[in-house]
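Results of the structural survey
Okay, here's what each chain looks like letter by letter:
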Amino acid sequence: MPTPLSRRNFLAAGGGAVAGAALGGTTPASAASSGGLAEVASYAGGAEADIEQALGWWPNPRNVWTPIGWKDHLFRYNVTYNGSVIAAPRPLGRTTSAVSDPTYVRDRLQLDMVPWGGWFTSGPMRDLYPGNFYVYREDYGLYGHGTQSWADHPTPVLQTDWAQSNGVVLRQSVFAHTLGGVDVETGKEPLFAWIRLSVESVNPLGTTGPIGFAIRVASAYYTQEYPYTFQDGVTLTGHPAMAPFPSWRRADPLAVGTRRGLKIWQHEGPRIGVLTSNAVPVFSQPNSSKYIYNLEVTLPPVQGAYTDLMVAMLPQYEPNFDRELALGYDANRYWSARPSTAATISTPERHVNELVKRNIQFSEIVAQKAKDPSGADQVTFLTGSYGYDVLWSTPTSMTSHMFLSLLGYHDVVAKHLRLYKDRQGTVKPPGDAYAQHPGYFSTPANLRSVDWITDHGAIMTAVSTHALMSGDQAFIAEWLPALVKACEFVKAACALSDPSSVPGLPPKAVSTDEEIQVQSVWNIAWLYKGLITTVRLLKRVGHARAAEFAGVASAMRTTFDQAFDAYGARQPKWKHPDGNSYPVYSVNLADFPAGNFGEAMRLDVGPMVLVWAGLMDGADPRMVKFADYFRHGPNVALYGDGNRKNALDRPVLIHEMSSCEPLYSWNVFHSWHSGDRGRFLEGLYSLMAGGMSPQTYIPLEHRHGMSASLGAQATATWLLRHAVIDDSLVDDELHLLRLCPQAWLSADTDTVFTQMPTIYGPITLRLRATSPTEVALTWSATWRQPPTKLLVHAPPGTTTLTINNTRHPVPTSGYIEIPA
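Quick caveat, the model's predicted, so the values are computed rather than measured. (Residues numbered from 1 in each chain as written. Predicted model: local features only at pLDDT ≥ 70, side-chain atom pairs only at ≥ 80, totals over all residues. Heavy atoms only, no water.)

For the chain, the count of helices and strands is 19 helices and 38 strands. For 820 residues, the compact-globule formula gives about 28 Å, and the C-alpha radius of gyration of the chain, at 27 Å, lands near that figure. Projected onto its principal axes, the C-alpha coordinates of the chain cover approximately 75 × 65 × 60 Å. The burial tally for the chain puts 63% of its 820 residues in the buried class. Across the chain, the fraction of contacts at a sequence separation of at least 24, relative to all contacts at a separation of at least 6, is 69%. As presented, the chain carries roughly 27,400 Å² of accessible surface, and 52% of it is formed by carbon and sulfur atoms. (Helix = DSSP H or I, 4+ residues; strand = E, 2+ residues; numbered from the N terminus. Rg over C-alpha atoms; globule rule 2.2 N^0.38 Å. Buried < 20%, exposed > 50% of the residue type's maximum accessible area, 1.4 Å probe, protein only. Contact = heavy atoms within 4.5 Å. Areas by Shrake-Rupley, 256 points an atom, 1.4 Å probe, with all protein chains shown as cover.)

Here we come to the packing of aromatic side chains. As enumerated under the stated definition, the model contains 36 aromatic pairs in all. Three or more aromatic residues link up through ring pairs in this structure, and these residues are Trp522, Trp526, Trp612, Tyr664, Trp666, Phe669, Trp672 and Trp718. Above the face of the Tyr136 ring, Arg62 is positioned so that its terminal group lies 4.2 Å from the ring centre. (Phe/Tyr/Trp six-rings, centres within 6.5 Å; stacked < 30°, edge-to-face > 60°. Lys NZ or Arg CZ within 6 Å of the ring centre and 35° of its normal.)

Time to look at the pattern of salt bridges. Across all of its chains, the model carries 39 salt bridges by this definition. A salt bridge links Arg250 to Asp252; its shortest N-O distance comes to 2.9 Å. The partly exposed category is assigned to Arg250, whose relative accessible area is 33%. Each of Asp628, Arg631, Glu656, Asp676 and Arg679 takes part in a single network of salt bridges with overlapping partners. (Salt bridge = Lys/Arg side-chain N within 4 Å of Asp/Glu carboxyl O.)

With that settled, consider the environment of Arg216. By the secondary structure assignment, Arg216 is in strand β11 (residues 211-218). Looking at Arg216, its side chain comes within polar contact range of the side chain of Asp112, at 2.9 Å. (Polar contact = N/O pair within 3.5 Å; in protein donor to acceptor, adjacent residues only side chain to side chain.)

On to the sheet that holds β11. Spatially, the seven strands line up as an open sheet ordered β1-β2-β3-β5-β11-β18-β17, and their pairing is antiparallel. A single partner strand is all that each edge strand has here, and the edge strands are β1 (65-68) and β17 (282-284). Averaged over all pairs of adjacent strands, the angle between their axes in this sheet comes to 20°, without regard to strand direction. Examined bridge by bridge, β1 and strand β2 (residues 77-80) share four bridges and lie antiparallel to one another. (Pairing = 2+ DSSP bridges. Axes fitted to C-alpha atoms, helices over the stretch in contact; angles between N-to-C directions.)

Strand order in the open sheet formed by four strands is β30-β31-β35-β38, with mixed pairing between adjacent strands. Looking at which strands have only one partner, the edges of the open sheet turn out to be β30 (725-726) and β38 (815-818). For β30 and strand β31 (residues 733-736), the ladder comprises two bridges, and the chain directions are antiparallel. Across the sheet, the residue bridging to Ile725 is Leu736, located in β31.

Right, let's get into unusual backbone geometry. Located in the positive-phi region is Tyr386, a residue other than glycine, with phi close to 60°. Residue placement: Tyr386 occurs in the loop between β22 (377-381) and β23 (388-389). Look at Tyr386 and you get buried, because its relative accessible area is 2%. Unlike most non-glycine residues, Tyr697 shows phi in positive territory, near 70°. As for its placement among the helices and strands, Tyr697 is situated in the loop between α18 (677-690) and α19 (712-724).

Moving on to the pairing of strand β18 (residues 293-299). Of all seven residues that make up β18, six are buried, and the element is covered over most of its length. Pairing of β11 with β18, which is carried by seven bridges, proceeds in the antiparallel orientation. Within β18, the position partnered with Ile211 by the bridge is Leu299. Judged from the three bridges that link them, β17 and β18 form a sheet pairing that is antiparallel. Looking at the pairing, Ser284 lines up with Asn294 of β18.

Attention shifts here to the packing of helix α9 (residues 454-470) against helix α10 (residues 473-494). The N-to-C vectors of α9 and α10 enclose an angle of 150°; their axes lie 11 Å apart at closest approach. In terms of their interaxial angle, α9 and α10 are classed as roughly antiparallel. Judged by the twist between their axes, the crossing of α9 over α10 is left-handed. On the side of α9, the interface is formed by His456, Met460, Val463, Ser464, His466 and Ala467, while α10 contributes Phe475, Ile476, Trp479, Leu483, Ala486, Cys487, Phe489 and Val490. Looking at the contact of α9 with α10 residue by residue, the classes come out as eleven nonpolar, three polar and no charged. (Parallel < 35°, antiparallel > 145°, perpendicular 65-115°, else oblique. Left-handed = near helix turned anticlockwise from the far one by under 90°. Nonpolar A, V, L, I, M, F, W, Y, C, P; charged D, E, K, R; others polar.)

In this fold, Leu128 is placed in the loop between β5 (109-116) and β6 (133-134). The exposure class of Leu128 is buried, given its relative accessible area of 18%. When the C-alpha positions of Leu128 and Arg216 are compared, they lie 9.6 Å apart, and in sequence the two are 88 residues distant.

To continue, consider the packing of helix α8 (residues 410-423) against α10. At a minimum axis distance of 12 Å, the contact between α8 and α10 shows a crossing angle of 15°. Between α8 and α10, the angle falls in the class roughly parallel. Crossing geometry of α8 relative to α10 is assigned as left-handed. Every residue of α10 that contacts α8 at Ala414, Leu417, Arg418, Tyr420 and Lys421 is listed here: Phe475, Glu478 and Trp479.

Grouped together as the largest cluster of nonpolar side chains are 241 residues, with contacts concentrated most on Leu111, Ile215, Val217, Leu295, Phe560, Trp666 and Leu736. Here Trp666 is in contact with Met398, Met402, Trp522, Trp526, Leu603, Asp604, Met608, Val609 and Trp612, once residues within four sequence places are set aside. (Core = buried A, V, L, I, M, F, W, Y, C linked by side-chain atoms within 4.5 Å.)

Right, let's talk about the environment of Tyr222 for a bit. Summarising the element assignment, Tyr222 is placed in strand β12 (residues 222-225). Look at Tyr222 and you get buried, because its relative accessible area is 0%. Between the alpha carbons of Tyr222 and Tyr386 there is a distance of 9.8 Å; along the sequence they are 164 residues apart. If we skip the residues at most four places from it in the chain, Tyr222 touches Thr80, Asn82, Ser84, Ile86, Leu92, Gln110, Asp112, Val135, Leu236, Thr237, Gly238 and Tyr386. One polar contact links Tyr222 to Asn82, side chain to side chain, over a distance of 3.3 Å.

The subject of this paragraph is α9. Spanning 17 residues, α9 covers 24 Å between terminal C-alpha atoms, matching the ideal 24 Å at 1.5 Å per step. Burial of α9 is extensive: 17 of the 17 residues sit out of reach of the surface. Once α9 ends, the next one or two residues include Gly471, with phi positive near 65°. (Expected span 1.5 Å × (residues − 1).)

Here we come to the pairing of β38. Only one face of β38 is covered, namely the one carrying Ile816 and Ile818; the face carrying Tyr815 and Glu817 has none of its residues buried. As judged from the four bridges shared by strand β35 (residues 789-793) and β38, these two strands associate in the antiparallel manner. Of the residues in β38, the one forming a bridge with Leu790 is Ile818.

The next thing to look at is the side chain of Asp372. As for its placement among the helices and strands, Asp372 is situated in the loop between β21 (367-371) and β22. No salt bridge is formed by the buried Asp372; the nearest opposite charge belongs to Arg423, separated by 6.5 Å. (Lys, Arg positive; Asp, Glu negative; His and termini not counted.)

Written out as structure tokens, the structure is:
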């Protein structure tokens, strides 16, 4: 049985050995040539970055799986890149207590799909390997290989295509459906996956031999395994010993209308239905001593021929099973509904549009509604699917304040934040210097994996951002007392005395999965971000204590700046290509031994976050040179070509994306803030092409590693929205088109941002290039409180801006101020 893993603890088993090596005090000669250091696969000028260019930078990752499900349902199906469908009501990784029922372990199910007519000839599935295996290394030719995409339909229908050597293209299409097709009430409603196996195309020269699928029906046996040192990320691993079911029942003949097939029972109820107009599938048990089965589906070599499977998440009450089966395969209408406040993004780059669309769906699928320990309903986002089916509130908060709040899904965000208000003040912060405080926000115990004190700041940020973006007065009135108490906690934390912490700042506490108490930059950054975001809200509503908490934030920033400089002066230095030496800043404000995660944390959860947090400016020389460390420093020479690197090896920026966790590519916020257009667009497009699967758009914790871990979609969406509509750069100002990609300025296709929330109210804009040097912008807004300034920036090469049908020559400043 594999060891349960946390988000990073797999490195403790060896993956962190290289990553944890001591920082060298000098730069290797090979990395300090007089000509300067080339960045790892950097933007080198020439054509401006776009999605097609970025997709060329980032090959398709390994180990991808994609969740298929229903909004807020307790369970999800997961479809791997090779077409295996996993129905595991209790996943094999970390899970919430809501799925602790032991029957959920018994009812894990996995269907492996292998097409006939290519590498695999007709007949039953071959036996599993005798030992554990890395799936991506072993499945080519045995388990098939496929190309994945989404059907052109509002419903998330995941397609896997296999181009066979005999000229036939076979397709598997999967979507989920609940009985009744409506929003969940309990989260446990009967859930089904409809799987269509079809002939997509046939070679006109003809085919030879039978076509169809061999399907292994087994208990779920794919899980994530500790990797060896040079293996990327968390590797999807097959454990054949887990494949046999503990028991089974039977397969009965089935007929629905003119179609025939099988009703396959597991334990006390039917689990799988198969319907076809072709030859009746064959269900068999090759080895009588093991409850592992084969299902053989034969299809005629005719385009459009198909067989349907319906797979229940749990064995069903037969009348419910039959009721769903009678509906037949139909991409339902449930997903067509959108909130009235929802924004839309449409650019000439289809990949960008689809990425946003599908991740909105993932956000509500990778979530759950269940009963908390008191028996009350509890709705929450989750950190991931089939690996991280629990809640790390810090990264998962980004789904709210960096993604759904910016896209107008206000009711969705509000619903998934409520659990924090209900639990405020009930948990002691994870640090010895702290006492229980009525204002402290935390992750409920039945959902959490590891308590991070950063969760408090992350929750403040999510709640205050929702209030600012939605303008929901009822929400604001309900939450203001909780937010004031949350600010009081930060104020109280800064006043605590701890001999091993810098006074005037929140003392040491747990901030990562290592569960070590440190006074880390990461802690301070998130608590400060939560505080200043809440202060922004308090100012806008005229709250009496806004000035008081703004003073706390100001003092916090001043104290941090001094402490950061004082401790940074003691750090090792590296030699920059400019010939000077600069500090390699620590993740902490006091000496502390490196943990298992090594230097990778210096990039992802260290000082790089300070610009986004508001503690430093993007053009601050300290931040500029520290970001250069990951572009030009000694790690670059050690990294080589990056082939088969562990995600926690000594980190670098590759095409401006973190080599560890893409969602934490904080350097792109430096480029946003400073206006470094080339690096900003390189990082933005890297996140969209390399931080997610280019086929299914599912976010990745690490490339080639833990799939279906949400976060990178939020970072990317925050950046792409602020490239065009920016209400974060300067208080009381709104900037339009400041970093808008050239790829979105087409003469043929408009770029349209509709009903995009801002702190001032929703805005709609439409862009088009009317000539090589002229851009036309039309915009309208419904202000709750207009910005003091509204500035429209001219994209590079633009000499004339036509704004709401009025032409403006572009001044030397590069922007035009217009009335709001």
